[in-house]
Amino acid sequence: MAQEQKRNWVAIITMFFIFAMISFVTNMAAPFGNIWGMSYEWAGMAGNLMNFTAYLIMGIPAGNMLIKYGYKKTALIALIVGAIGLGIQLTSGIVNNIYVYLLGALVCGFCVCMLNTVVNPMLNLLGGGGNTGNQLVQAGGTLNSLSGTATPILAGALVGTLTKDSFPDVAPLIITGIVIFLAAFAVISFIKIEEPQGDLKNVTYEKSPLAFRHCLLGIIAIFFYVGVEIATPGMMNQWISREGGFEGAATVAGSLAGIYWFLMLVGRFTSTFISGKVSTRAQMITVSAVGIILIVAAIFTGDITTTLNVNLGFITIENATVPLSCVFIFLCGLCTSVMWGGIFNLSTEGLGKYTAKASGLFMVMVFGGGMMPFFQDLVVRPITGYLGSYWLIVAMLAYILYYSIWGCKNVNKDIKVD
């Protein structure tokens, strides 16, 4: 029994590490996109679009890989793909070709899709599902947010003031990512990971996970949630970087985005401790409602500015005059922090053998993280302006609130899941 418990903790810690790398790869798209956006107006969110388009292509195949090859082999394949994708993005700056960059963003998207397919069901199952399963997902999400906090801050600090020729500035960060991926591949190769659901190759599936109403509605909620998570800090970063009007605007913008991701870390870390006592549904209802209030407040305070002084050690902003809206926007990180794990936990509750297949479907809908920010930037922003485009985020949060209150109830308990 003690040995089995030890094996489980090795698997849990390994999944935590992978969770952190997912955020690093995803958050590299924004600073690179800002650089390309100086030459191509449409390119600001194009990297995010390609990164998340990969989920649309790779989601179901990734779920099938999980069934055929298991968790460990799928993770190893993903790590190699991630190193290649970052290498392609690095090359794009050298050859100065935006289409090479977009290809690299797509390849990186394949990587994070596979990694997400591994870590979420595995942590949920290792925790035994329910509130304790959500605890492990939130704990892994804490490290994910730590990585997400560091990436835009480091990129912003390296770039300073945004120009068309800022690619060499972020090259050290990309090279570091490649090295980490290769090191992770070496480490995980030697770690024994027990498959939490055993051998899935010979399991018979009588129905699709979509036969479960709460799973179907949860998959839609994931589409909107990832759109909210990426667009909320991404649009703010773009807004301040391009229209801040002061020296070092990109650095301040990166720090503001970093605060958002830091608050996601705080929220997930807090949820790790309270999820055993406070239900996932109660947490989701609270954060989605508060998120709506914060974004609406941001929209209506667009003309008010504030002098921001922040010193968190790794985030420093001194005497920067920024819109008060930015404060409400990055505070929303506390709300989005628990949504990924919460939606996944509620949507897969009671699925049993259908969990792996459901995970693949969830990864398809992560495409929302590329589609919705790109739609916000290309369609909504030119009509409404930067702040007006946040009404799209309010609408997506409203659906998540609906799911948290009514849509998450499992009304298909008669379907055999053993």
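Structure first, text after, so check above.
A brief look at the structure comes next. (Residues numbered from 1 in each chain as written. Predicted model: local features only at pLDDT ≥ 70, side-chain atom pairs only at ≥ 80, totals over all residues. Heavy atoms only, no water.)

1. Regarding the environment of threonine 286
Step number 1: Of note, threonine 286 is situated in helix α9 (residues 280-300).
Step number 2: Taking the C-alpha atoms as reference, threonine 286 lies 8.5 Å from leucine 401; in sequence the two are 115 residues apart.
Step number 3: In terms of polar contacts, threonine 286 uses its side chain to reach the backbone carbonyl oxygen of alanine 282, at 2.9 Å. (Helix = DSSP H or I, 4+ residues; strand = E, 2+ residues; numbered from the N terminus. Polar contact = N/O pair within 3.5 Å; in protein donor to acceptor, adjacent residues only side chain to side chain.)

2. Concerning helix α4 (residues 98-126)
Step number 1: Look at α4: 42 Å from first C-alpha to last across 29 residues, which is about the 42 Å you get at 1.5 Å a residue.
Step number 2: Within α4, 24 of the 29 residues are buried, which leaves the element mostly enclosed by the surrounding structure.
Step number 3: Its side-chain oxygen at 2.8 Å from the backbone nitrogen of tyrosine 99, asparagine 97 defines the N-terminal cap of α4. (Expected span 1.5 Å × (residues − 1). Buried < 20%, exposed > 50% of the residue type's maximum accessible area, 1.4 Å probe, protein only.)

3. Considerations on the nonpolar core
Step number 1: Counting residues in each nonpolar core, the largest one holds 139 residues, and the members touching the most others are Phe181, Leu256, Phe330, Trp340 and Tyr390.
Step number 2: Top contributing element to this core by residue count: helix α3 (residues 46-95), with 19 residues.
Step number 3: With residues up to four places along the chain from it excluded, the contact list for tyrosine 390 reads Ala231, Thr232, Met235, Met236, Ile295, Ile299, Ile329 and Gln376. (Core = buried A, V, L, I, M, F, W, Y, C linked by side-chain atoms within 4.5 Å. Contact = heavy atoms within 4.5 Å.)

4. Brief notes about the pattern of salt bridges
Pairing is possible between side chains of opposite charge, provided their charged atoms come close.
Step number 1: As enumerated under the stated definition, the model contains two salt bridges in all.
Step number 2: With a shortest N-O distance of 3.7 Å, glutamate 229 and arginine 268 are connected by a salt bridge. Here the residue glutamate 229 occupies a position in helix α7 (residues 213-243), and arginine 268 occupies one in helix α8 (residues 249-274), the gap between them amounting to 39 residues.
Step number 3: Taking the relative accessible area as the measure of exposure, glutamate 229 reaches 10% and is therefore buried.
Step number 4: Judged by relative accessible area, which is 4%, arginine 268 ranks as buried.
Step number 5: In this structure, arginine 381 and aspartate 377 form a salt bridge, with 2.7 Å as the shortest nitrogen-oxygen distance. One end of the pair is arginine 381 and the other is aspartate 377, both in helix α14 (residues 368-388) and four residues apart, which spans about a single turn.
Step number 6: Accessibility expressed as a relative area gives 13% for arginine 381, which makes it buried. (Salt bridge = Lys/Arg side-chain N within 4 Å of Asp/Glu carboxyl O.)

5. Let's talk about the packing of aromatic side chains
To describe a pair of aromatic rings, one takes the distance between the centres and the angle between the planes.
Step number 1: In total, this model carries 12 aromatic pairs according to the counting rule given.
Step number 2: Arranged with centres 6.0 Å apart and planes meeting at 80°, the rings of phenylalanine 300 and tryptophan 391 form a pair that is edge-to-face. Pair noted here: phenylalanine 300 is in helix α9 and tryptophan 391 is in helix α15 (residues 391-407), with a separation of 91 residues, a long-range link.
Step number 3: For phenylalanine 300, a relative accessible area of 61% translates into the label exposed.
Step number 4: According to the relative accessible area criterion, tryptophan 391 is partly exposed, its value standing at 41%.
Step number 5: On the basis of an interplanar angle of 50° and a centroid distance of 5.2 Å, the ring pair of phenylalanine 344 and phenylalanine 362 is categorised as tilted. Highlighted residues: phenylalanine 344 in helix α12 (residues 339-348) and phenylalanine 362 in helix α13 (residues 355-365), separated in sequence by 18 residues. There is no split in this pair, since phenylalanine 344 and phenylalanine 362 are both buried.
Step number 6: Joined through ring pairs, the aromatic side chains of Phe223, Phe224, Tyr399, Tyr402 and Trp406 make up one cluster. (Phe/Tyr/Trp six-rings, centres within 6.5 Å; stacked < 30°, edge-to-face > 60°.)

Just distances and angles here, no functional claims.
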